[in-house]
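Remarks on the overall topology
Next come the chains, spelled out residue by residue.
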Amino acid sequence: MEFQKMKNILLLGSGGRECALAWKLSHSPLCGKFYIAPGNAGTEAYGINLPVSYNDFEGIKKACIDYKIDILFPGPEDPLVAGIYDFCKNDPSLRHIIVVGPSKDGAQLEGSKAWSKKFMERHNIPTAAYKEFSAGSFEQGVAYIKRSELPIVIKADGLAAGKGVVIAQNTVEAVKAFRAMVMNEQFGDAGKNVVIEQFLDGIELSVFAFTDGTNYVLLPEAKDYKRVGEGDTGLNTGGMGAISPVPFADDVFMQKVTQRIIEPTVKGLKDEGIIYHGFIFFGLIKVKGEPYVIEYNCRLGDPETEVVIPRLENDLVELIQKMQDGKLNEVTVKHSPKAAGAVMLVSEGYPGDYPKGRVMTGFEKVRGSLLFHAGTKVSGGDVVTNGGRVIAITSYGDDIKLALEKSYENAALVQYEGRYYRKDIGFEF
Ligand code: AMP
Ligand code: GLY
């Protein structure tokens, strides 16, 4: 490796994704001082947690200046959608910082479902048929629902913390969800506009590209398990576990994904003059062998990151530098031949209300897995639960089954009152 200056890094976020990123970044020989804002009990092992919210741009600015930050890495979507990239580039004291993520314009891929659907239409990227409605076109929306096939999908346009999507099995349910969004402001401004789209029946996976705006590299693909209950039942969660690689993402399928989805997306952003340096998360569905985009995100996934990052063999800081230099075409990404499986331990009641502050024990008994803390914090010398998703337990294996067996062995050892986890992650393979 040619000589490069070590970089001081500030990572924003406090979930399992950020813990996995902290693990990876902090092990890079190019990582200088490393900070996480606000972080969790796990990220403390890799850097210094700062008591700054990831939405507090002034607090982030101060930290960037005080700690001479070279790389700012927003983990979650909120700061990206709110324009942290533009905030840095418009400020003479922050302009030199490498921001790992798109401009506010680019973040609309995730920040506005209507915008992303129009983008896909402009670039001929396969996705479910849709129409956009608002309070002013409520009657037309109802008529559209009535003449559409069931089930039908109702989506709030803006960020709604993963709760803005309703898959309605009948017209009454669909109209009720639509009305709640546009007339009763269920999601505030995020639901002022609504996308109503065709239901796609298939199997989902997550694909991640890392782009410098012209070139891109692909990270290992992953599949997450969104439902709280075994057999994919019950409420949607942030994700109860993940696997990588994805057995049904064979070469032929990935070729289609690359040609029909990834390349037109990267080129489309560039052709439209949208600044996008960072991760593009393609939420895809395979329907009868063909890929469609369900959604874009402007960041990495959680819990996908907890299996994707362990399988990425390249130095992440070096990749970020290549992104900054517009030279990702010079990089060959190496994916570990090992499989990885992550099991998420959650709090009782999640994704509804859940208790916090439950003392966690048993970490020292864990052997052969990576522990990526999510909702945890240190309190009075103990590690206690501090969120719905508490900790991801990731293991490598020669195949997914072996990786998950190891994760489950260790999941049983990390204890706290009200612990719950799905026992069937990866069960279908
Ligand atoms: P989104 O926030 O757009 O990712 O939607 C959340 C989840 O709803 C997705 O991961 C899918 O499981 C499901 N979903 C969203 N849109 C569709 C669709 N058009 N057809 C089938 N399932 C969908
Ligand atoms: N696991 C899905 C997401 O991060 O949005």
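Residues numbered from 1 in each chain as written. Chains lettered and ligands numbered in written order. Predicted model: local features only at pLDDT ≥ 70, side-chain atom pairs only at ≥ 80, totals over all residues. Heavy atoms only, no water.

1. Some thoughts on the packing of aromatic side chains
Quick reminder of the rule: When the centres of two rings from Phe, Tyr and Trp lie within 6.5 Å, Trp using its six-membered ring, the rings pair. Their planes under 30 degrees apart give stacked, over 60 give edge-to-face, and anything left gives tilted. Strands here mean DSSP runs of E at least two residues long; helices mean DSSP runs of H or I at least four residues long; both are numbered from the N terminus. Ring-over charges, as used throughout, are those where CZ of Arg or NZ of Lys falls within 6 Å of the ring centre and within 35 degrees of the ring normal.
Throughout the structure, instances matching the rule amount to 15 aromatic pairs. Taking 5.0 Å as the distance between ring centres and 15 degrees as the angle between the ring planes, the aromatic pair formed by Phe138 and Phe178 counts as stacked. Within this pair, whereas Phe138 is found in helix α7 (residues 138–147), its partner Phe178 is found in helix α8 (residues 171–182), the two being separated by 40 residues in sequence. Its guanidinium or amino end placed over the ring of Trp115, Arg122 lies 5.8 Å from that ring's centre, counting from NZ or CZ. The cationic tip of Lys286 hangs over the ring face of Phe253; the distance from NZ or CZ to the ring centre is 4.9 Å.

2. As for the pattern of salt bridges
Cut-off, in case you're wondering: We count a salt bridge whenever a side-chain nitrogen from Lys or Arg sits within 4 Å of a carboxyl oxygen from Asp or Glu.
Tallying each qualifying case throughout the model produces 26 salt bridges. A salt bridge links Glu295 to Lys113, with the nearest nitrogen and oxygen atoms 3.7 Å apart. Within this pair, whereas Glu295 is found in strand β17 (residues 290–297), its partner Lys113 is found in helix α6 (residues 113–122), the two being separated by 182 residues in sequence. For Arg260, the salt bridge is made with Glu290, and the minimal N-O distance between the two is 2.6 Å. On the criterion of sequence distance, the pair formed by Arg260 in helix α9 (residues 251–271) and Glu290 in strand β17 is long-range, its members being 30 residues apart. One continuous salt-bridge network, built from bridges that share partners, spans Glu77, Glu110 and Arg299.

3. Looking at the nonpolar core
Applicable threshold: To define a nonpolar core, start from buried Ala, Val, Leu, Ile, Met, Phe, Trp, Tyr and Cys residues and group those joined through side-chain atoms within 4.5 Å. Here's how the labels work: a residue is buried when its accessible area is under 20% of the maximum for its type, exposed when over 50%, partly exposed in between, all with a 1.4 Å probe on protein chains only. Here a residue-residue contact requires only that any non-hydrogen atoms of the pair lie within 4.5 Å.
Leu25, Phe73, Phe210, Leu316, Ile320 and Leu345 are the most contacted members of the largest nonpolar core, which has 68 residues in total. In terms of residue count, the dominant contributor to this core is strand β18 (residues 339–347) (7 residues). In contact with Leu25, not counting residues within four places along its chain, are Ile9, Cys31, Phe34, Phe73, Leu316, Val317 and Ile320. Among the nonpolar cores identified, the runner-up in size contains 46 residues, and Val99, Ala249, Val257 and Val266 belong to it.

4. Thoughts on the site of ligand 2
For clarity, the cut-off: Distances are taken per atom, and a residue is near a molecule or strand as soon as one of its heavy atoms is within 4 Å of it. Polar contacts, as counted here, are pairs of nitrogen or oxygen atoms within 3.5 Å of one another; within protein the pair requires one atom able to donate a hydrogen and one able to accept it, and residues that are adjacent in sequence qualify only if both atoms are side-chain atoms. Each accessible area value is a Shrake-Rupley result obtained with a 1.4 Å probe; residue values ignore everything except the protein chains displayed when judging cover.
Every residue near ligand 2 is listed here: Asp224, Gly238, Phe281, Asn297, Arg299, Gly301, Asp302, Pro303 and Glu304. A distance of 2.7 Å separates a nitrogen atom of ligand 2 from a polar side-chain atom of Asp224. Separating a nitrogen atom of ligand 2 from a backbone N or O atom of Asp302 is a distance of 2.9 Å. Burial of ligand 2 by the protein amounts to 88% of the accessible area it has alone, namely 200 Å².

5. Structural notes on the state of the cysteines
Applied cut-off: Any two cysteine sulfur atoms lying within 2.5 Å of each other are counted as a disulfide.
Scanning the model with the defined rule gives 0 disulfides in all. Cysteine Cys31 is unpaired, with the sulfur of Cys19 as its nearest cysteine sulfur at 14 Å. The thiol of Cys64 is not disulfide-bonded; the next cysteine sulfur, from Cys88, is found 5.8 Å away. For Cys64, a relative accessible area of 3% translates into the label buried.

6. Here we look at α6
Quick reminder: α-helices carry 3.6 residues per turn. Residues three or four places apart thus point the same way. With 7 of 10 residues buried, α6 lies mostly within the body of the structure. For α6, the full list of buried residues reads Lys113, Ala114, Trp115, Ser116, Lys117, Phe119 and Met120. Asn124, located one to two residues past α6, shows a positive phi value of around 60 degrees.

7. Thoughts on the layout of surface pockets
Put simply, the rule is: Here a cavity is any set of points on a 1 Å grid over the protein atoms alone where a 1.4 Å probe fits but cannot get out, and a pocket is any open set with protein on both sides within 12 Å along at least 5 of 7 lines; a residue lines the site when it has an atom within 4 Å of a point. Grid points are joined across faces, edges and corners, and a volume is the space filled by probe spheres set on the points. In this classification, Asp, Glu, Lys and Arg are treated as charged, Ala, Val, Leu, Ile, Met, Phe, Trp, Tyr, Cys and Pro as nonpolar, and every other residue, Gly included, as polar.
Computed from the structure, the second largest pocket encloses a volume of approximately 180 Å³. Taken together, Ala129, Tyr144, Ser148, Glu149, Leu150, Pro151, Ile152, Glu197, Gln198 and Phe199 form the lining of the second largest pocket. Looking at the lining of the second largest pocket residue by residue, the classes come out as 6 nonpolar, 2 polar and 2 charged.

8. Considerations on the site of ligand 1
In the vicinity of ligand 1, 14 residues are found, and the nearest of them are Glu197, Gln198, Leu200, Glu204 and Glu295. Between Lys113 and ligand 1, the recorded distance is 3.2 Å, taken from a side-chain N or O atom to an oxygen atom. Between ligand 1 and the protein, one listed contact pairs a nitrogen atom with a side-chain N or O atom of Glu197 at 2.7 Å. At the level of secondary structure, the elements contributing two or more residues to the shell around ligand 1 comprise β7 (152–156), β8 (165–168), β9 (193–198) and β17.

9. Brief notes about the sheet that holds strand β10 (residues 203–211)
Defined as follows: In this scheme, strands are said to pair when DSSP sees at least two bridges between them. The angle between two axes is taken between their N-to-C directions and runs from 0 to 180 degrees, where each axis is a line fitted to C-alpha atoms and a helix contributes only its stretch in contact.
Reading across the sheet, the 4 strands line up as β11-β10-β16-β17 and stay open at both edges, with antiparallel pairing between neighbours. Each having just a single partner strand, β11 (216–218) and β17 make up the two edges of the open sheet. Recorded for the sheet is a direction-independent mean angle of 35 degrees between the axes of neighbouring strands. As defined by bridge partners, β10 adjoins strand β16 (residues 278–287) across 9 bridges and the pair is classed as antiparallel.

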